[in-house]
Amino acid sequence: MKVQKRGDGFELSSPGGTFVLTRQAFEDLFYAIPLNSTALYRLLTDQIPGNDGERERMVRILGCCSDMDAELMDLQKQIGSFKLE
């Protein structure tokens, strides 16, 4: 998975697709880390998506990970590397 800044928001991408995070959603993730992988997964699938369609897309994006724990730990490192202004 990869996180990139896109305009005023951020984009989470994997072979399963992309998910655009608003600045507020990204800040929620930024200030929540570090988390264990289960808590991060729940945050990404239960709190960040705004509706069922977004939730399904996020689950599909995360479902493409071959090693979920390692991918989520790497995702936390990527999120933590950004500087919020």
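About the thresholds
- Residues numbered from 1 in each chain as written.
- Predicted model: local features only at pLDDT ≥ 70, side-chain atom pairs only at ≥ 80, totals over all residues.
- Heavy atoms only, no water.
- Helix = DSSP H or I, 4+ residues; strand = E, 2+ residues; numbered from the N terminus.
- Axes fitted to C-alpha atoms, helices over the stretch in contact; angles between N-to-C directions.
- Contact = heavy atoms within 4.5 Å.
- Nonpolar A, V, L, I, M, F, W, Y, C, P; charged D, E, K, R; others polar.
- Phe/Tyr/Trp six-rings, centres within 6.5 Å; stacked < 30°, edge-to-face > 60°.
- Buried < 20%, exposed > 50% of the residue type's maximum accessible area, 1.4 Å probe, protein only.
- Disulfide = S-S within 2.5 Å.

Undergrad: What's the story with the environment of A32 in this structure? I'm lost.
TA: Looking at where A32 falls in the secondary structure, it is placed in helix α1 (residues 23-32). Separated by 28 residues in sequence, A32 and R60 place their C-alpha atoms 22 Å apart.

Undergrad: So what exactly am I meant to see when it comes to the packing of helix α2 (residues 37-47) against helix α3 (residues 52-63) here?
TA: Helix-helix packing: each pair is described by the crossing angle between the helix axes and the interaxial distance. It is at 8 Å that the axes of α2 and α3 come closest, and there the two elements cross at 150°. Two secondary-structure elements touch here, α2 through Y41, L44, T45 and D46 and α3 through R55, M58, V59 and L62. In terms of residue class, the contact of α2 with α3 is built from 5 nonpolar, 1 polar and 2 charged.

Undergrad: Would you mind going over the packing of aromatic side chains with me for this structure?
TA: The relative placement of two aromatic rings is captured by the distance of their centres and the angle of their planes. Taken as a whole and judged by the stated rule, the model has 5 aromatic pairs. A ring pair is formed by F30 and Y31, whose centres lie 5.1 Å apart and whose planes are at 90°; its orientation type is edge-to-face. Overall, the relative accessible area of 60% leaves Y31 in the exposed class. Taken together, F10, F26, F30, Y31 and F82 form an aromatic cluster joined through their ring pairs.

Undergrad: I would appreciate a short explanation of the environment of F26 in the present structure.
TA: Relative to the assigned elements, F26 resides in helix α1. Sequence separation between F26 and E11 is 15 residues, and the spatial gap between their C-alpha atoms is 9.3 Å. Among residues more than four places away in sequence, those in contact with F26 are V3, F10, L21, I79, F82 and L84.

Undergrad: Sorry if this is basic, but what is going on with the state of the cysteines here?
TA: Here a disulfide denotes one covalent bond, and it connects the sulfur atoms of two cysteines. Throughout the structure, instances matching the rule amount to 0 disulfides. The structure places no disulfide on C64, whose sulfur is separated from the nearest cysteine sulfur, that of C65, by 7.2 Å. Taking relative accessible area as the criterion, C65 reaches 13% and is therefore assigned buried.

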